[in-house]
Amino acid sequence: MAFMAVLESDLRALSAEARRRYPAIKDGAEHAILKLRSLSSSSEIAQHDDILRIFLMACEVKTIKLSVIGLSCLQKLIAHDAVASPALNEILATLKDHGEMADEGVQLKTLQTVLIIFQSRLQPDGEEHTAQALGICLRLLENNRSSDSVRNTAAATFRQAVALIFDHVVSSESLPAGKFVHGGYVSRSASVTIDVNHSINNSNRSLEEDFVSLDKSKMRETPTKAGKLGLRLLEDLTALAAGGSATWLRVSSIQRTFALDILEFILSNYVAVFRTLLPYEQVLRHQICSLLMTSLRTNSEIEGETGEPYFRRLVLRSVAHIIRHYSSSLITESEVFLSMLVRATSLDLPLWHRILVLEILRGFCVEAHTLRILFLNFDMNPKNTNVVEGMIKALARVVSSVQFQDTSEESLVAVAGMFTSKAKGIEWSLDNDASNAAVLVASEAHAVTLAIEGLLGVVFTVATLTDEAVDVGELESPRCDSDPPAKFIGKTAVLCTTMVDSVWLTILDALSLILAKSQGEAIVLEILKGYQAFTQACGVLRAVEPLNSFLASLCKFTISSSNETERRSRSLLSPGSKRTEVVVDQRDVVVLTLKNVQALRTLFNITHRLYNVLGPSWVLVLETLAALDRAIHSPHATTQEVSAAVSKLTREPSGQYSDFSILSSLNSQLFESSGLMHISAVKSLLSALRQLSHQSMAGTLSGIAQTSSQKTGSISFAVERMISILVNNLHRIQPLWDDVVGHFVELANSPNHHLRAMALKALDQSISAVLGSDQFEENASRQRGTKTEMKALEISVISPLHVVYGSCSSSDVHAGSLKILLHILERHGDKLCYSWPNILEMLRSVAGSSEKDLVTLGFQSLRVIMNDGLSTVPSEFLHVCIDVTGAYSAQKTELNISLTAIGLLWTSTDFIAKGLFEGPTEDKGRETLDHKNGEKIEQTLNTVKKANQQDPSITVAEHEKLLFSVFSLLQNLGADERPEVRNSAVRTLFQILGSHGQKLSKSMWEDCLWNYVFTTLDRASHMAATSSKDEWHGKELGVRGGKAVHMLIHHSRNTAQKQWDETLVLVFSGIARILRTFFPLLRSITNFWSGWESLLCFVKNSIANGSKEVALAAVGCLQSTVLSHSPKGNLPMPYLKSVLDVYDIILRNPTSCNDMVANKVKQEIIHGLGEVYVHAQGMFDSSMYAQLLSIIESAIKEANITQSNFEAEFGHVPPVQRVVLEIFPLLRPPNHLPSLWAVFFQKLLHYLPNSDSFVENEGDAAKPVESRGYTSDTMKMSDIPNGTTSNKRVEVESPSSSSDSKRDSATTISSDLFAEKLVPVLVDLFIQAPVAERSITFPYIIQGLGRCMITRRENPDGGLWGLAVKSFNQLLVDDIEKLACYCGRALPSNSLAAISKEDDESLEMELLDVLGDKILMSDIDASHDILERLIITLDRCASRTCSLSVETVELVPPHCSRFSLTCLHKLFSLSSYNNESSVWNQTRGEISKISVMILMTRCEFILKKFLTDEKELGERPFPSARISEIAFVLQEMARVVMHPETASVLPLHPYLKGGLVEENPDQRAHLFVLFSPLCELVKSRNSRVRDLVQVLLRLVGTQLGLHKICLTN
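What counts and what doesn't
Residues numbered from 1 in each chain as written. Predicted model: local features only at pLDDT ≥ 70, side-chain atom pairs only at ≥ 80, totals over all residues. Heavy atoms only, no water. Helix = DSSP H or I, 4+ residues; strand = E, 2+ residues; numbered from the N terminus. Buried < 20%, exposed > 50% of the residue type's maximum accessible area, 1.4 Å probe, protein only. Areas by Shrake-Rupley, 256 points an atom, 1.4 Å probe, with all protein chains shown as cover. Phe/Tyr/Trp six-rings, centres within 6.5 Å; stacked < 30°, edge-to-face > 60°. Lys NZ or Arg CZ within 6 Å of the ring centre and 35° of its normal. Core = buried A, V, L, I, M, F, W, Y, C linked by side-chain atoms within 4.5 Å. Contact = heavy atoms within 4.5 Å. Axes fitted to C-alpha atoms, helices over the stretch in contact; angles between N-to-C directions. Parallel < 35°, antiparallel > 145°, perpendicular 65-115°, else oblique. Expected span 1.5 Å × (residues − 1). Polar contact = N/O pair within 3.5 Å; in protein donor to acceptor, adjacent residues only side chain to side chain. Salt bridge = Lys/Arg side-chain N within 4 Å of Asp/Glu carboxyl O. Patch = residues over 30% accessible without salt bridge, like charges linked within 9 Å, V, L, I, M, F, W, Y side chains within 5 Å.

Visitor: It is not clear to me how the overall build of the chain should be interpreted in this structure. Could you clarify?
Guide: Helix and strand content of the chain: 72 helices and 6 strands. In the chain, which comprises 1609 residues, the share counted as buried stands at 53%. Approximately 71500 Å² of the chain is accessible, and the part contributed by carbon and sulfur atoms is 51%.

Visitor: Where do I start with the packing of aromatic side chains in this structure?
Guide: In this description, a pair of aromatic rings is defined by centroid distance and the angle of the planes. On inspection of all chains with the given rule, the structure shows 31 aromatic pairs. A centroid spacing of 5.3 Å and a plane angle of 40° characterise the contact between W1010 and F1014, whose relative ring orientation is tilted. With a gap of 4 residues between them, W1010 and F1014 both fall in helix α44 (residues 1002–1026), about one helical turn apart. On the accessibility criterion, W1010 (33% relative accessible area) is partly exposed. Judged by its relative accessible area of 12%, F1014 is buried. Measuring from centroid to centroid gives 5.9 Å for F1079 and F1088, while their planes differ by 75°, and the two rings are edge-to-face. Per residue, the accessibility class of F1079 equals that of F1088, and both read buried. Its end group placed over the ring of F265, R159 keeps NZ or CZ at 5.5 Å from the ring centre. Seen from the ring of W1060, R982 lies directly overhead, with NZ or CZ sitting 3.8 Å from the centre.

Visitor: In this structure, what is going on with the nonpolar core? I would like to understand it.
Guide: Within soluble globular proteins, side chains that are nonpolar tend to cluster in buried spots. Judged by nonpolar contacts, the single largest core of 492 residues is most densely connected at Y888, W1005, F1068, F1224 and L1530. With 17 residues, the top contributor of residues to this core is helix α22 (residues 436–471). Leaving out residues up to four positions away in the same chain, F1224 has contacts with I1192, I1196, F1240, L1244, Y1247, F1314, L1318, V1321 and L1325.

Visitor: Is there a simple way to explain the packing of helix α12 (residues 225–241) against helix α15 (residues 278–296) in this structure?
Guide: Each packed pair of helices is defined by two parameters, the angle between the axes and the distance between the axes. At a closest axis distance of 10 Å, the pairing of α12 and α15 adopts a crossing angle of 5°. Relative to α15, the element α12 lies roughly parallel. Contacts between α12 and α15 pair G227, G230, L231, L234, E235, T238 and A241 from the former with P279, Y280, V283, Q287, I288 and L291 from the latter.

Visitor: Teacher, can you tell me more about the environment of M1533 here?
Guide: As for its position among the elements, M1533 is in helix α67 (residues 1520–1535). Residue M1533 is classed as buried on the basis of its relative accessible area, which comes to 0%. Between the C-alpha atoms of M1533 and H1566, which are 33 residues apart in sequence, the distance is 7.8 Å. Excluding its chain neighbours within four sequence positions, the residues that come into contact with M1533 are F1468, H1566, L1567, L1570, L1574 and L1592.

Visitor: Help me out: how do you make sense of helix α7 (residues 104–119) in this one?
Guide: It helps to recall that an α-helix has 3.6 residues per turn; residues three or four apart then point in one direction. Under the 1.5 Å per step criterion, the end-to-end length of α7 is 23 Å for 16 residues, consistent within 8% with the ideal 22 Å. The inward-facing, buried residues of α7 abut α5 (64–79), α6 (88–99), α8 (127–142) and α9 (148–172). By the N-cap criterion, in which a side-chain oxygen at the helix start approaches the backbone nitrogen of a residue two or three places on, α7 is capped by D103, the distance to G105 being 3.1 Å.

Visitor: Can you walk me through helix α65 (residues 1454–1471) in this structure?
Guide: Between its terminal C-alpha atoms α65 stretches 26 Å, which fits the 26 Å expected from 18 residues at 1.5 Å a residue. The buried fraction of α65 is high, at 14 of 18 residues.

Visitor: What should I look at first to understand the side chain of T449 in this one?
Guide: Mapping T449 onto the fold places it in helix α22. Only 2.7 Å separates the side chain of T449 from the backbone oxygen of A445, close enough to count as a polar contact.

Visitor: Would you mind showing me how to read the pattern of salt bridges here?
Guide: Taken as a whole and assessed by the stated rule, the structure comprises 35 salt bridges. A salt bridge links R721 to D629, with the shortest nitrogen-to-oxygen separation between them at 3.4 Å. Placement of R721 in helix α32 (residues 705–728) and of D629 in helix α28 (residues 618–632) is noted, with a sequence separation of 92 residues between them. Among the residues examined, D629 registers a relative accessible area of 7% and is labelled buried. The partner of E720 in a salt bridge is R721, with the nearest N and O atoms 3.4 Å apart. When its relative accessible area of 37% is taken as the criterion, E720 is described as partly exposed. Taking the relative accessible area as the measure of exposure, R721 reaches 9% and is therefore buried. Salt bridges linked by common partners bring K1505, D1509, R1522 and E1525 together as one network.

Visitor: Explanation requested: unusual backbone geometry in the structure shown.
Guide: A negative phi holds for most residues other than glycine; trans holds for most peptide bonds. For R250, which is not a glycine, the phi torsion comes out positive at approximately 60°. One can find R250 in the loop between α12 and α13 (256–269). Overall, R250 belongs to the exposed group, its relative accessible area being 53%. Here N1087, not a glycine, exhibits a phi torsion of approximately 65°, which is positive. Turning to its location among the elements, N1087 is positioned in the loop between α45 (1056–1083) and α46 (1088–1105).

Visitor: Please explain a nonpolar patch on the surface as it appears in this structure.
Guide: Together, L1600, L1602 and I1605 make up an exposed nonpolar region whose accessible area comes to about 300 Å². Position of I1605 relative to the elements: it lies in the segment after α72 (1583–1600). I1605 gets classed as exposed once you look at its relative accessible area, which sits at 62%.

Visitor: What's the story with the environment of A1534 in this structure? I'm lost.
Guide: For A1534, the location among the structural elements is in helix α67. In this structure the C-alpha to C-alpha distance between A1534 and L1592, which are 58 residues apart in sequence, comes to 6.0 Å. Those residues in contact with A1534 that lie beyond four places of it in its chain are R1564, L1592 and L1595.

Here is the structure:
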């Protein structure tokens, strides 16, 4: 064992030390070592005292070294329980002797041994031994020769021995082992709140349970032996503290301070002993309390030890312990003590003494349990005085006294410094060299600080106890939704309520004073925490008056006035400093100090905690928040910088935002949290906001601009916060809505326009918020009509708009309400269900307004409904929507709105038509339509109903009713006096019918035709005929020169009649559209034919009597119908014939219009005839075709008669005839009647000049026609039952039937200009004609062109003859392959004569090219006679130059010479042969034979003529034309190579012919024929001629082979 080893080591040391001088001790030590080795435990050592004896022997020697070794070993033996109890007496005697030794080490070892005895099993339980042990300590303590360390050790040993004795008392009396509270003075922490919480935590350790158990058991009068021992000790200590002697301890006197300190220790740590044992309680009551009361008395001057601060502190601390722990049993004594303490605060005592008292009072205040017990025992007991209230008032007096001190400012600064140091966790202290004045100021500040902390302790205690009452269920939490009881019955709740009523005013006065005068950050924060805690407690306790008072006081510190800020800023400046800054006017400057910011934060914390219980107190809060809102939005508002120390304590780590942004956020969060409030609290808040707004409304009417602006800002704040509350309470909006919106309506009626605008904006935001909420959207998505609650809510949300619009007379309010409605419809119109009557009624009333802006705004809302919202409008309100749209269409305020409203009606029909069947309900499935011409067309009509996008509750009949209501509105608008409106209505009516006609049933169509379409047409036609023709004047723009200046109106719209003409045009266009689209369906309606006849009557009247536009529209109406349905076979024959009859009547009868209008109409009709024929030619028979040609002929005649001067004046074809020329290509006979081509060409040829000669020439003209079955009667065609035309005989009018009429016709129609335009048309039609018809009519076409060519004689400058020549050439070129069948016939000689005399070079050259290169070079089957005549014609033209005399040849124009040369060239070409390119055939050979003989004759004549003329001229110059001619002939002779077949006809010797063929493939036999003239030309004077002749002679030699003969060969 380690203990044994240590003990053996100590014995060896002792033996070594005593070896020389004390051998007995040495021997005893060695013997003990041997004995120790035989023992194994501490208990065996205790049973054998040999070892103990050797140590006692060492001590008896009283040498320092041996005593130290001996005492140390004794301590080890006692500590290890190795000493038997009987040895205690001897040990104590030894210790007493050693205590008297002068050595400090021995004394300390003695004290240690005494303490170990009390801590071991040897602790004396007898009075004698205990007194002996304690006496050793006291004697060393009081010994003047003892060192300080010995005294301190003796004091500590005595204290610990006393504690061990009383611990033994507690255990022997079976008392609770724990201590109730910590002993000693309650140290100050960094915050009063922490102190209160610390006291609560200590008192919560089963304190109540222990007290209850102690109270139940009776106090014991007879203590145990240990109890008696403790009682003797307590009595001696009390006597010593009182200055007497201790009988039992055998001590005459010690320091009273030490004794009092031990007593204070016992009182604070062993409460259970005094609460359980009656003797102890009596000592406490009679001796200790008496001692303390005597010590507390201050009526006489205090001297000696009792006047020392430390003694006074111990007395006060002991008194505090008695009050804290024993006040319940010592009621009277505690009351006396408290009264003395309170009185001491106001006595003229030393400042340090008052500070000590204040520390004690502060300790009571910050200990919640103590303050609770005191208040219960005294203030709530009628028999006792209100000691707590007195204590709080005493503290308040100390606080308020600071304002009366001469150094109040310095003291307040010092107080702030103390709080700042405390907040930082450091002890505040003065500088070492501080003056007495500074020390005084610091002491006074310390007293004030303690008083403030005491008051704050009361505040936090009240708050803590209130929270405790809430936790145990005695009080309702302020966040609880239930209403509080009328009276609190819980013990803690009653205690808190009584305490608040008792102390709130005193605390408020003191705290508000300090808060007003203090600027330190830490003290401001601590006081504001107190404000917050006490106010929240008042709210929980429903203490209205304290709550309002604290709130009002707090609100005063939230916004600083500029004067106060300036004053404080000046006070901070040193006297010697100068302000160089520019001083600005601070009336508008708001500076939020740190106090303001923290006060505002405190206010926010309070309101967040108590929002359910504030009730009327909200007004105080809201006034402050309104001021804050103005400051936040003020451009001149600023905040002071916050120091780093406070920032660490109070701000978030991410506090980079400015104070303003944080306060603004807190301000917003307060109202955003209203969704968590009880509904009654929200109503209270709204009521307060409304009250604030009402209070400010009166100020807005004052003349002071600044006041009015502030009041307006308050109202704006109230309105904005109301909106915020609404937004955050959308889940329960119904009970709040009326209060909020009611105030907005009141503001809307205000005379201040700013308030009206504010109210309208708020109303817009509120309604939008409700309609946009999730709850409203969920309800709106459900089936409508099932929620009466939802209906009431929706109506209440929308109805304020109607109320505002109807109750306010201001135009800006009207406009604002309409803008709100527009916003609602745009954003949330699809969610509305029950409020449509109010909305539509409001819009209807706006339509009747005379203010343009209001009508515009109202109409914008209607547009949203009609364009996007019809699908969401319930079916029962659709007709109202249409009626309101009609009201806007009919309003006279704004024209554009009327026009757009009509467009909305059209949009509505798109929606309505979705509920109709896709086709007539009477004609479901497939139906067969029977036409009068016998044809049957099957038409399939779909019956699919597009109802999936519609409300199933709306029937088809309701859709039809809605559609007819739209038609009725449009029909009425069609009679509007404003042309734009009625035109738009008419246009829209027919557009609707055109767009949705396929969905209308037959019955609906019948109603539409007779009730709307024809009625509209009749009215428009009547108004167009009867309206005034007086010219209108435009809007007056001003006055110039005394005369009014009017806006110009276009001449086409400057009368009422012209305006109605435009409407009538639109009606015709609309009718045309529906006929074009739905004619097959309409034709099946009963009595449609009568309607058609009525329409034709309107058309005839309109063309005959109307304007140009009306007439053209009427024509277009019929035209489009025919063109649309005739190609499809949907137009029966009677309808087509009726149209032709109308056109025939119009063209034959004169109209009341002027010539220009009439011509324009006729042009349109003629053009239409062409289109009709193109699209319906399959329906034409011979009679209809004849009627068509007759109509065209009458138009040509009428145009030639009425416009005979047009051609002379303008040089153009009359417009009517020009249109006729345009449609002639369209009037080709139909394919099923090819025999009509002859009739058609006969009509066309009849319009060419000199048609009378054509008529008289019946020989060749009539024969071919008659040969095909034509007769001389007027052309007739039989009608075929099935409506088609057969290829039977076509009878054509005979040319000789009526010579007078023909002659008159010819003179009437003849016009070179018209013929000039007709010829190309005629030629094109001829080319397009069938082959058979072309073969028959070709001679007559050529003959007609010949008549046109002859006009060159009468009008050589005209273009007709030249055009005829070109057309003639075109016909020859295009039909050259088919010309064989025509060339057998002899052409009229006059035609060829006309060609031979042609002097227009281009035409002549073109004719030569056609004749020489096309006709004669082609493989044509023509007779020899015809070919010879054509070649002779070329030869005749080639002889123009050579046939003239030398004198006259120079007079001939150059183009004549070129023409002759060209003819010669054609002859050479016809006679030549080229192996590479020429295609040789029989016809080609025949032509070559004919042309070569004629060519040789012509060449021989030219050569001989040249020689003769050269001789006659002699030396005179030869004409250049003749030289060019002879040169051209010689060159061509050298070029030409002949075919053997061609050369065979030349008059050559047979031998010469055979040799040429064999020797030379390129035969030039013509050179042998002309060899003689060539030889004569060798002697010509012209060198060029000689050279050319030389070339020819060489060619002759080559042909004879002479070039191969050589002498060398």
